[in-house]
Amino acid sequence: MLIISALEAGPMRNATLMRKLGDVSQKMLTQTLKELERNGLVIREDKQTVPPHVEYRLSPVGRSLSETLVVLDRWAETHFGELDAARERYDAERSR
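Below, the discussion takes up the sheet that holds strand 2 (residues 42-46). Strand order in the open sheet formed by three strands is 1-3-2, and the pairing between neighbours is antiparallel. Each of the sheet's edge strands pairs with one partner strand only, and the pair in question is strand 1 (12-13) and strand 2. With five bridges joining them, strand 2 and strand 3 (residues 54-58) adopt antiparallel strand pairing. From the neighbouring strand, aspartate 46 faces strand 3, where its bridge partner is valine 54.

Here is the structure:
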């Protein structure tokens, strides 16, 4: 989901995605990008240049998922206090 959110800003090369995502291995990023491409969420564009230049961007379906994630993120931010309080109550009851 982090890749979907990152690509919302526009097409990115692999190295740019790595920097933006932070603590992710090259292997995991590559596997995840391939899976997102396979599922039609990301489009891989090979510019056929030397040195190689490959960019990834959201497909129309990927953009629609990104819009949904924004709504979910807003919901989580709005209800964070309630969720946190519920966890605290639950943990307190279980520790008795």
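It is worth spelling out the pairing of strand 3 at this point. Of all the five residues making up strand 3, four are buried; the element is thus mostly covered by neighbouring parts of the structure. Pairing geometry for strand 1 and strand 3, over two bridges, is antiparallel. Note that in strand 3 the partner of arginine 13 across the bridge is glutamate 55.

Soluble globular proteins tend to pack their nonpolar side chains together in the buried interior. Counting 15 residues, the largest nonpolar core has Leu7, Leu17 and Tyr56 as its most contacted members. Among the secondary structure elements, those contributing two or more residues to this core are helix 1 (2-7), helix 3 (26-38) and strand 3.

The subject of this paragraph is the side chain of serine 59. Inspection of the secondary structure assignment puts serine 59 in the loop between strand 3 and helix 4 (60-94). Residue classification places serine 59 among the buried residues on the basis of a relative accessible area of 5%. Reaching out from serine 59, the side chain makes a polar contact with the backbone oxygen of glycine 40 at a distance of 2.5 Å. Aside from chain neighbours lying at most four places away, what touches serine 59 is Gly40, Leu41, Val42 and Ile43.

A surface patch of nonpolar side chains, about 300 Å² in accessible area, is lined by Leu72, Trp75 and Leu83. Relative to the assigned elements, leucine 83 resides in helix 4.

The next subject is the environment of glutamate 45. With respect to the helices, strands and loops of the structure, glutamate 45 is situated in strand 2. With sequence-adjacent residues up to four places away left out, glutamate 45 is seen in contact with His53, Val54, Glu55 and Arg57. Among the polar contacts made by the side chain of glutamate 45, one reaches the side chain of lysine 47 at a distance of 3.5 Å.

Basis of the calculations
Residues numbered from 1 in each chain as written. Predicted model: local features only at pLDDT ≥ 70, side-chain atom pairs only at ≥ 80, totals over all residues. Heavy atoms only, no water. Pairing = 2+ DSSP bridges. Helix = DSSP H or I, 4+ residues; strand = E, 2+ residues; numbered from the N terminus. Buried < 20%, exposed > 50% of the residue type's maximum accessible area, 1.4 Å probe, protein only. Core = buried A, V, L, I, M, F, W, Y, C linked by side-chain atoms within 4.5 Å. Polar contact = N/O pair within 3.5 Å; in protein donor to acceptor, adjacent residues only side chain to side chain. Contact = heavy atoms within 4.5 Å. Patch = residues over 30% accessible without salt bridge, like charges linked within 9 Å, V, L, I, M, F, W, Y side chains within 5 Å. Areas by Shrake-Rupley, 256 points an atom, 1.4 Å probe, with all protein chains shown as cover. Salt bridge = Lys/Arg side-chain N within 4 Å of Asp/Glu carboxyl O.

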